[in-house]
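Fold and geometry: a report
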Amino acid sequence: MSKLGQVVESVEKFNKFVLDQVKRARTDQKFGRDLLGRWNDTKAKIPVTRTPTGLPLPRLALPEIDEPGEIARFIFGEGLPGEFPYLNATYREMYLEPVRETESFEKNGNKTGKKITQPEEPTRLFSGLMLAEDTNERFHYLTRHQRTHRLSTAFDGPTLYGLDSDADGVFGKIGEGGVAIDTVEDMVRLYDGFDLGSPNFSASMTISGPAPMIMAMYIAAAKRRFGPKVVPKLRGTVQADIFKEVQAQNETIFPIEPSLRFLTDMVEFTTGEMPRWYPISISGYHIGEAGSTPVQQAAYTLSNGFAYAEMFAARGIPVDQFGPRLSFFLDCGLDAEYIALSRVSRRIWAIGMRDVFGAGPRAQLFKLHTQTSGRSLIAAEFKNNLTRTATELILSYMNATNSCHSNSADEPFTTPSEEWIRLAAHGQAILLEESGIFKHTMNMLSGSPGMKAVERAVERAILEEFREIERLGGVLAAVEERYQRSQIQNAAHRYEQQIYDGTRPIIGLNKYRDGDDEAPEVKLARTPRAKQQLQVDRLRKFKKKNAEKAKRALDELAAVAERGKNVFPALLEAAEVCSLGQITGRLQEVVGRFRPMV
């Protein structure tokens, strides 16, 4: 039985354990009294906060139960926030306003001036357009009102495929749909003005095939600006998820096995040298955007995560070293499954990591970034997308996501404009700061009968997907059989058919249309030819300047790759003097090219 099969067994055994604890609490009087005492003690210690209207509320909402069996079901089957199996949250408190000490207010309501530490915002801001300096300008615009700078970067097509901007046939794609990054000098421009070593800064890079090279360039850029001592301080993530590429996207550049090897090389280096860096974001978002059902998205993401864990452990990296450095990325749409999808994923991951991989508490945490669904955004009457995204944000925070990105309403047409990006960011601020839904009390919307019904149904469906992947021989074998890809394609076809025949209502598209089919006036974001030429000219100047050093660095990189050693230290050297395309091309000479799966 593979590790995935063992995960299925461990979840089923855990569910039986919970039922046994419920029965024991109802038959063993001492055990039941102890649980009731623990429950009452927990409730008594919960601080009380007050809303702006003066209403007292507990900082943690717990169900009003006093029957030992139900208390056992909650404590063992769900856990308090921050406690195994983490169904209710990864951490004890999330999104809450800081506790205000009694002495912070005088009788007349005036504050004494005592400074209250503010928590880090969960909002992550996403951008990528034209050249590095253009995206940098947008980053500074987005972070103008943020206490913490959590930047997520989109790259253009040539960069995603490891190509240089002067490669044949790519000129018109430079800076389109993302930022063009060819060299370490571009990377310096991209994050200029941001303190990369600050605890209040993190960078997320949405790229997988060339992830090790882009990661090496990021480290090289940080060292140029802040010196070598900054490397252990760097905070953020690079997507690097090869499995989701071959299952849903095809944006990879080497065959699967070398791609996984280079990924593991990067993970081995970063887990040892960069304790604050997440070297892989295991991504269901793109699986969802490719057309999967919510259950398929969660099942394939979790199974990919367990496959990576098995792979990293086989390299000899301790699970408690790499486990805390794994992160996840899920879509949040409007289907009913999203009421509890992330909660269930967090529980399955914790059980599997503890019981199958022997992971400690920190490595059991399913650290999640959520993005509202791009697929749910509709060009017809596109302003309705504001409501769709707002609903998805509520679902995301109900599921206690660790960070979140809200899409812009104009994305069906173009790279978002500043106006719509500002409205998307304000959507999160309104929800988290203006409303009282999440900032006063943990578990404010959790645990309804409907949510529990969805949890049970989603967990059963995810385990059934695990069983099918196990039957096919595991994740890699299922990939080679095109199982995940075919299932995603079938689900995507069914989704579109439901829109066409009206069984899936889309307001403004197939229901409640006003009859006006004219496209709205939306300014398209395009990269001027002069900027595209500037990128090519810069790249050629960089190559000419570093020609001799680049040849030596590429020769050393190829030699390391041929010997089967960890290539990442050689990549760090090459990133200083070589372009992305030069590195990609040389490694492809050694390991070959990826042939897309149709």
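Numbering of residues begins from 1 in every chain and follows the order in which that chain's sequence is written. Local features in this predicted model are restricted to residues of pLDDT 70 or higher, and side-chain atom pairs are both shown and tallied only at a pLDDT of 80 or more, whereas totals for entire chains, interfaces and linings draw on every residue. Side-chain metrics rest on all non-hydrogen atoms present in the structure, leaving aside hydrogens and water.

Comments concerning the overall build of the chain
- Strands are runs of DSSP state E lasting at least 2 residues, helices are runs of H or I lasting at least 4, and numbering of each runs from the N terminus. Each helix and strand counted, the chain has 22 helices and eleven strands in total.
- Radius of gyration means the value over C-alpha atoms here, while the globule rule gives 2.2 Å times the residue count to the 0.38 power. In terms of overall size, the chain behaves like a compact globule, its C-alpha atoms giving a radius of gyration of 25 Å where 598 residues would be expected to give roughly 25 Å.
- The cut-offs for exposure are 20% and 50% of the maximum accessible area for each residue type, with area from a 1.4 Å probe on protein chains only; residues under the lower value are buried, those over the upper are exposed, and the others partly exposed. Taken across its 598 residues, the chain has 55% of its residues classed as buried.
- Any pair of residues with heavy atoms lying within 4.5 Å of one another is described as a contacting pair. Sequence-distant contacts, at least 24 apart, represent 77% of the contacts inside the chain between residues at least 6 apart.
- In the structure as shown, the chain presents an accessible area of about 26,000 Å², 52% of it carried by carbon and sulfur atoms.
- Counting rule applied: Lys, Arg positive; Asp, Glu negative; His and chain ends not counted. Where a charge lies is defined by one atom per residue type, namely NZ (Lys), CZ (Arg), CG (Asp) and CD (Glu). Distance from the positive charge centre (78 side chains) to the negative charge centre (77 side chains) of the chain: 4 Å. Residue exposure ignores everything except the shown protein chains as possible cover, and the areas themselves are Shrake-Rupley values with a 1.4 Å probe.

Quick notes on the packing of helix α14 (residues 385-398) against helix α15 (residues 418-434)
- Between α14 and α15, the shortest axis-to-axis distance is 10 Å and the interhelical angle comes to 40°. In this view, α14 runs oblique relative to α15, as classed from their interaxial angle. Here α14 and α15 pass one another in a crossing that is right-handed. Along its contact with α14, which presents Leu386, Leu393, Ile394 and Tyr397, the element α15 presents Trp420, Leu423, Gly427, Gln428, Leu431 and Leu432.
- Throughout, the ten residues Ala, Val, Leu, Ile, Met, Phe, Trp, Tyr, Cys and Pro are labelled nonpolar, Asp, Glu, Lys and Arg are labelled charged, and all others, Gly among them, are labelled polar. Residue classes in the contact of α14 with α15 are distributed as eight nonpolar, two polar and no charged. Fitted lines through C-alpha atoms give the axes, limited to the stretch in contact for helices. The angle between two N-to-C directions lies from 0 to 180 degrees. Each angle receives one of four descriptions, namely roughly parallel if under 35 degrees, roughly antiparallel if over 145, roughly perpendicular if within 65 to 115, and oblique otherwise. Note: crossing handedness is left-handed where the near helix turns anticlockwise from the far helix by less than a right angle, and right-handed where it turns clockwise.

A closer look at the sheet that holds strand β10 (residues 368-372)
- Two strands are counted as paired when DSSP detects at least two bridges linking them. The strand order across the open sheet built from four strands is β8-β9-β10-β11, with neighbouring strands paired in parallel fashion. Both outer strands of the open sheet, β8 (280-283) and β11 (403-405), are each paired with one neighbouring strand and no more. Neighbour to neighbour, the strand axes of the sheet diverge by 25° on average, direction disregarded.
- Direction of pairing for β10 relative to β11: parallel, over a ladder of three bridges. Bridge assignment links Thr370 to a residue of β11, and that residue is Cys404.

Structural notes on the pattern of salt bridges
- What counts as a salt bridge is simple: a side-chain nitrogen of Lys or Arg found within 4 Å of a carboxyl oxygen of Asp or Glu. Overall, the coordinates contain 34 salt bridges when judged by the stated rule.
- Measuring nitrogen to oxygen at the nearest pair gives 3.0 Å for the salt bridge that ties Asp164 to Lys543. Residue Asp164 is found in the loop between α5 (157-160) and α6 (184-190), and its partner Lys543 is found in helix α19 (residues 529-545); the two are separated by 379 residues along the sequence.
- Among the residues examined, Asp164 registers a relative accessible area of 5% and is labelled buried.
- A salt bridge links Arg467 to Glu464; the shortest N-O distance between them is 3.2 Å.

Some words on the nonpolar core
- Met187, Tyr191, Met205, Tyr218, Phe306, Ile462 and Phe466 are the most contacted members of the largest nonpolar core, which totals 152 residues.
- Apart from residues lying up to four places away in sequence, Phe306 is in contact with Leu4, Val7, Ile348, Trp349, Gly352, Met353, Phe357 and Phe466. Residues belong to a common nonpolar core when they are buried Ala, Val, Leu, Ile, Met, Phe, Trp, Tyr or Cys residues joined through side-chain atoms within 4.5 Å.

What to know about the packing of aromatic side chains
- Between the rings of Phe, Tyr and Trp (Trp by its six-membered ring), a pair exists once the centres lie within 6.5 Å; its type follows the angle of the planes, with under 30 degrees stacked, over 60 edge-to-face, and the other angles tilted. By the definition in use, this model includes 28 aromatic pairs.
- Aromatic pair Phe17 and Phe76: ring centres 5.8 Å apart, planes at 85°, arrangement edge-to-face. Taken together, the positions of Phe17 in helix α1 (residues 3-27) and Phe76 in helix α3 (residues 68-77) put the pair 59 residues apart, joining distant regions of the chain.
- Ring geometry for Phe139 and Tyr191: centres 6.1 Å apart, planes at 10°, overall stacked. Placement of the pair is Phe139 in helix α4 (residues 132-142) and Tyr191 in the loop between α6 and β5 (201-206), with a sequence separation of 52 residues.
- Among the aromatic residues, ring-to-ring pairing joins Phe14, Phe17, Phe31, Phe76, Phe84 and Tyr86 into one connected group.
- The aromatic ring of Phe357 is capped on one face by Lys3, whose charged end is 5.4 Å from the ring centroid.
- Ring-over charges, as used throughout, are those where CZ of Arg or NZ of Lys falls within 6 Å of the ring centre and within 35 degrees of the ring normal. Note that Arg24 overlies the ring of Phe31, its terminal NZ or CZ placed 3.8 Å from the centroid.

Details of the pairing of strand β9 (residues 326-332)
- Along β9, seven of the seven residues are buried, which leaves the element largely enclosed by surrounding structure.
- Burial of β9 is two-sided: the residues Leu326, Phe328, Leu330 and Cys332 facing one way and the residues Ser327, Phe329 and Asp331 facing the other way are all buried.
- When β8 meets β9, the two strands line up parallel, connected through four bridges. Its bridge partner lying in β9, Ser283 is registered against Phe329.
- Pairing between β9 and β10: five bridges, direction parallel. Counted as the bridge partner of Leu330 is Thr370 from β10.
- Between the parallel elements β9 and β10, the chain passes through helix α13 (residues 341-355) in a crossover that is right-handed. By convention, a crossover is right-handed whenever its connection, traced from the first strand over the helix to the second and viewed with the strands pointing away, goes clockwise.

Here's the deal with α4
- α4 sits mainly inside the fold: eight of its eleven residues count as buried.
- Those residues of α4 lying buried are Ala132, Asp134, Thr135, Asn136, Arg138, Phe139, Tyr141 and Leu142.

Some details on α13
- Between its first and last C-alpha atoms α13 spans 21 Å; for 15 residues at 1.5 Å apiece the expected length is 21 Å, and the two agree.
- Across the 15 residues of α13, 13 count as buried, placing the element largely inside the fold. Residue count minus one, scaled by 1.5 Å, sets the expected span of a helix.

Quick look at the sheet that holds strand β7 (residues 277-278)
- Reading across from one edge, β3-β4-β5-β6-β7 is the order of the five strands in this open sheet, with parallel pairing throughout. Two strands in the sheet have a free side with no partner beyond their single neighbour: β3 (125-127) and β7.
- Alignment of strand β4 (residues 149-154) against β5, held across six bridges, turns out to be parallel. Considered in β5, the bridge of Thr153 is made with Met205.
- This element, helix α7 (residues 211-226), spans β5, β6 (236-238) and β7 of the sheet and lies at about 150° to β5.

Remarks on the pairing of β10
- Across the five residues of β10, five count as buried, placing the element largely inside the fold.
- Every second residue of β10 is oriented toward a common face, with Leu368, Thr370 and Thr372 on one face and His369 and Gln371 on the other, all of them buried.
- For the crossover that starts at β10, traverses α14 and ends in the parallel β11, the hand is right-handed.

Considerations on the environment of Thr414
- Structurally, Thr414 can be placed in the loop between β11 and α15.
- Between the C-alpha atoms of Thr414 and Leu524, which are 110 residues apart in sequence, the distance is 5.4 Å.
- Beyond its immediate stretch of four places on either side in the chain, Thr414 contacts Val522, Lys523, Leu524 and Ala525.

Thoughts on unusual backbone geometry
- For the bond running from Phe84 to Pro85, omega is 5°, close enough to zero to count as cis.
- Inspection of the secondary structure puts Pro85 in the loop between α3 and β3.
- A positive phi angle is found at Asn250, which is not glycine, with a value near 75°.
- Among the secondary structure elements, Asn250 is positioned in the loop between α8 (242-249) and α9 (256-273).
- For Asn250, a relative accessible area of 15% puts it in the buried group.
- Positioned with a positive phi, Ala400 is a non-glycine residue whose angle comes to about 60°.
- With respect to the element layout, Ala400 can be found in the loop between α14 and β11.

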